[in-house]
Amino acid sequence: MDERKQLIAALPKAELHIHIEGSLEPELMFALAQRNGITLPYADVAAIRSAYQFDCLQDFLDLYYQGMSVLVRQQDFHDLTWAYLLRCKAGNVVHTEIFFDPQGHTGRGVAFATAFEGIWSALQQGKKELGITSRVIMCFLRHLDEHAAFATLEEARPFLHRITGVGLDSSEVGHPPRNFCRVFERAAELGLKRVAHAGEEGPPEYVHEALHGLEVDRIDHGNRSLEDDALVAELAERQIPLTVCPQSNLRLAVIRDMAHHPIRQMLQAGLHATVNSDDPAYFGGYINDNFNALVDAVNLSRDEIIQLVMNSFSASFLDAHAKQRHLDEVQRVATA
Ligand code: ADE
Ligand code: ZN
């Protein structure tokens, strides 16, 4: 194996952009559908996989929301999260900050608590049995309105001591961050971190709005920031992390091909970029697969790999002590 791929596998990593519902592999989707008496519009697992051909974000989101319909009971959310954590273990992801979409569940009659407690119990088990630390970020669906986001924040109140932050996801174009300024302001008052998907399909202005209207701590994706030099300068100056997802970018036609992925351009511009899987079950790979794809397509160097992995910890919501411990371990493995 390429020495760089060995390094990628060996390095401890943090994942900062993973929708837990997007880690639902077709095999588990089928098993849960059967368990819950739900009929999927596919004959078998192969048919599901062959349906995963997307021309744009919305094509994917339609299947993503359909897929999550098999998640009904608390145990389903637990099993989903546990399966992801086993992937983390296998790939040496030692810290993960997962998104979940409460409105994707409450909107079809599954209680917030059912989803949250199932996810949470698996994360606790992951800490105990696998040594993986985690944070939970609840996302607002931006194709729904501000009122619905406020109602979701209200529903989350009993759980907020276990929720690190809020995010913004779903259909980007036509649903600008500015629509959610007030609910993000409320989240800030409640002591929550803030992140938002921006500049995936949407224009650089959406990244600007996320920074200045939502006052986010990180930008999810952020690819289209590169179209605006002043924005790049600000992101670099403030070291705002970008949680970049190469295979997602490829599968959702954000980039023409992997050779055109802007990861090197981001690093050379001084941006605090990280590599993540987004929705690994839909886009064909977990975090190491994303790094490996960059090695193959843009000849990602050893130094770039180490930088991106260090960035994953420094951009995390871990405390300073834990960050340093992980950064020391990255250095130790890198120089071993
Ligand atoms: N929800 C799950 N994955 C997403 C993505 N890549 N962009 C926006 N919303 C999402
Ligand atoms: Zn995402």
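Relevant structure appears above.
Presented here is a report on the structure given in the accompanying data block. (Residues numbered from 1 in each chain as written. Chains lettered and ligands numbered in written order. Predicted model: local features only at pLDDT ≥ 70, side-chain atom pairs only at ≥ 80, totals over all residues. Heavy atoms only, no water.)

1. Examining the overall build of the chain
- Counting its secondary structure elements, the chain contains 17 helices and eight strands.
- At 19 Å, the chain has a C-alpha radius of gyration in line with the 20 Å of a compact globule built from 336 residues.
- Over its C-alpha atoms, taken along the principal directions, the chain stretches across nearly 50 × 45 × 40 Å.
- Expressed as a percentage of the 336 residues in the chain, the buried residues total 58%.
- A sequence separation of at least 24 residues applies to 77% of the contacts in the chain between residues at least 6 apart.
- For the chain, the separation between the mean place of its 30 positive charges and that of its 46 negative charges on side chains is 6 Å. (Helix = DSSP H or I, 4+ residues; strand = E, 2+ residues; numbered from the N terminus. Rg over C-alpha atoms; globule rule 2.2 N^0.38 Å. Buried < 20%, exposed > 50% of the residue type's maximum accessible area, 1.4 Å probe, protein only. Contact = heavy atoms within 4.5 Å. Lys, Arg positive; Asp, Glu negative; His and termini not counted. Charge placed at Lys NZ, Arg CZ, Asp CG, Glu CD.)

2. So, the coordination of the zinc ion (ligand 2)
- Bound to the zinc ion (ligand 2) on the protein side are His17 (NE2), His19 (NE2), His197 (NE2) and Asp278 (OD), at distances that span 2.0 to 2.2 Å.
- Angles of 84 to 173° at the metal separate the four donor atoms of the zinc ion (ligand 2), which places the site in the irregular class.
- Look at where the donors of the zinc ion (ligand 2) fall in the sequence and you get H-x1-H-x177-H-x80-D. Of the two residues, histidine 17 is situated in strand S1 (residues 13-19) and aspartate 278 in the loop between strand S8 (272-275) and helix H14 (280-283); the sequence distance between them amounts to 261 residues.
- Histidine 17 sits in the buried class, given a relative accessible area of 0%. (Donors = N, O, S within 2.8 Å, 3.2 Å for Na, K, Ca; no water. Tetrahedral: all angles 85-135°; square planar, octahedral: opposite > 155°, others 65-115°.)

3. Concerning the sheet that holds strand S5 (residues 193-198)
- Spatial strand order, S1-S2-S3-S4-S5-S6-S7-S8: eight strands in an open sheet with parallel pairing. The open sheet is flanked by S1 and S8, the only strands paired with a single partner. Between one strand and the next, the sheet's axes are offset by a mean angle of 25°, whatever the strand orientation.
- Across two bridges, the pairing between strand S4 (residues 165-169) and S5 is parallel. Directly across from valine 166, in S5, lies its bridge partner arginine 194.
- Along the sheet, helix H16 (residues 302-314) contacts S1, strand S2 (93-100) and S8; its crossing angle with S8, the most-contacted strand, is approximately 100°. (Pairing = 2+ DSSP bridges. Axes fitted to C-alpha atoms, helices over the stretch in contact; angles between N-to-C directions.)

4. Side note on the pairing of S2
- Where burial is concerned, most of S2 is hidden: seven out of the eight residues are buried.
- Of the strand pairs in this sheet, S1 and S2 are connected by five bridges, and their pairing is parallel. Within the sheet, the bridge partner assigned to isoleucine 18 lies in S2 and is isoleucine 98.
- Bridging between S2 and strand S3 (residues 133-141) involves six bridges; their strand directions are parallel. Of the residues in S3, the one forming a bridge with phenylalanine 99 is isoleucine 137.

5. Brief notes about the packing of aromatic side chains
- Summed over all chains, the structure comprises 16 aromatic pairs.
- A centroid spacing of 5.3 Å and a plane angle of 50° characterise the contact between phenylalanine 116 and phenylalanine 159, whose relative ring orientation is tilted. Of the two residues, phenylalanine 116 sits in helix H7 (residues 112-130) while phenylalanine 159 sits in the loop between helix H8 (146-155) and S4, which places them 43 residues apart along the sequence. Side by side, phenylalanine 116 and phenylalanine 159 carry an identical accessibility label, which is buried.
- The positively charged end of arginine 218 is found above the aromatic ring belonging to phenylalanine 317, 4.0 Å away from the centroid. (Phe/Tyr/Trp six-rings, centres within 6.5 Å; stacked < 30°, edge-to-face > 60°. Lys NZ or Arg CZ within 6 Å of the ring centre and 35° of its normal.)

6. A closer look at the pattern of salt bridges
- A full pass over the atoms with the stated rule returns 18 salt bridges.
- Salt bridges here are not isolated pairs; linked through shared partners, they connect Glu25, Glu27, Arg49 and Arg87. (Salt bridge = Lys/Arg side-chain N within 4 Å of Asp/Glu carboxyl O.)

7. Notes on the site of ligand 1
- The environment of ligand 1 is made up of His19, Leu57, Phe60, Leu61, Tyr64, Asp169, Ser170, His197, Glu200, His221, Asp278 and Asp279.
- Here a nitrogen atom of ligand 1 sits 3.3 Å away from a polar atom, N or O, in the side chain of histidine 19.
- In this structure, a nitrogen atom belonging to ligand 1 sits 2.8 Å away from a main-chain N or O atom of serine 170.
- In isolation ligand 1 exposes 260 Å². Once the protein is present, 100% of that is buried.
- Its residues assigned to classes, the shell around ligand 1 comprises four nonpolar, four polar and four charged. (Near = heavy atom within 4 Å. Polar contact = N/O pair within 3.5 Å; in protein donor to acceptor, adjacent residues only side chain to side chain. Areas by Shrake-Rupley, 256 points an atom, 1.4 Å probe, with all protein chains shown as cover. Nonpolar A, V, L, I, M, F, W, Y, C, P; charged D, E, K, R; others polar.)

8. Some details on the packing of helix H5 (residues 74-91) against H7
- It is the contact of H5 with H7, at a shortest axis distance of 7 Å, that shows an interaxial angle of 35°. In terms of crossing hand, the pair formed by H5 and H7 is right-handed. Contacts from Gln74, Phe77, His78, Thr81, Trp82, Leu85, Leu86 and Lys89 in H5 reach Thr114, Ala115, Glu117, Gly118, Ile119, Ser121, Ala122, Leu123, Gln125, Gly126, Glu129 and Leu130 in H7.
- Looking at the contact of H5 with H7, its residues break down into nine nonpolar, eight polar and three charged. (Left-handed = near helix turned anticlockwise from the far one by under 90°.)

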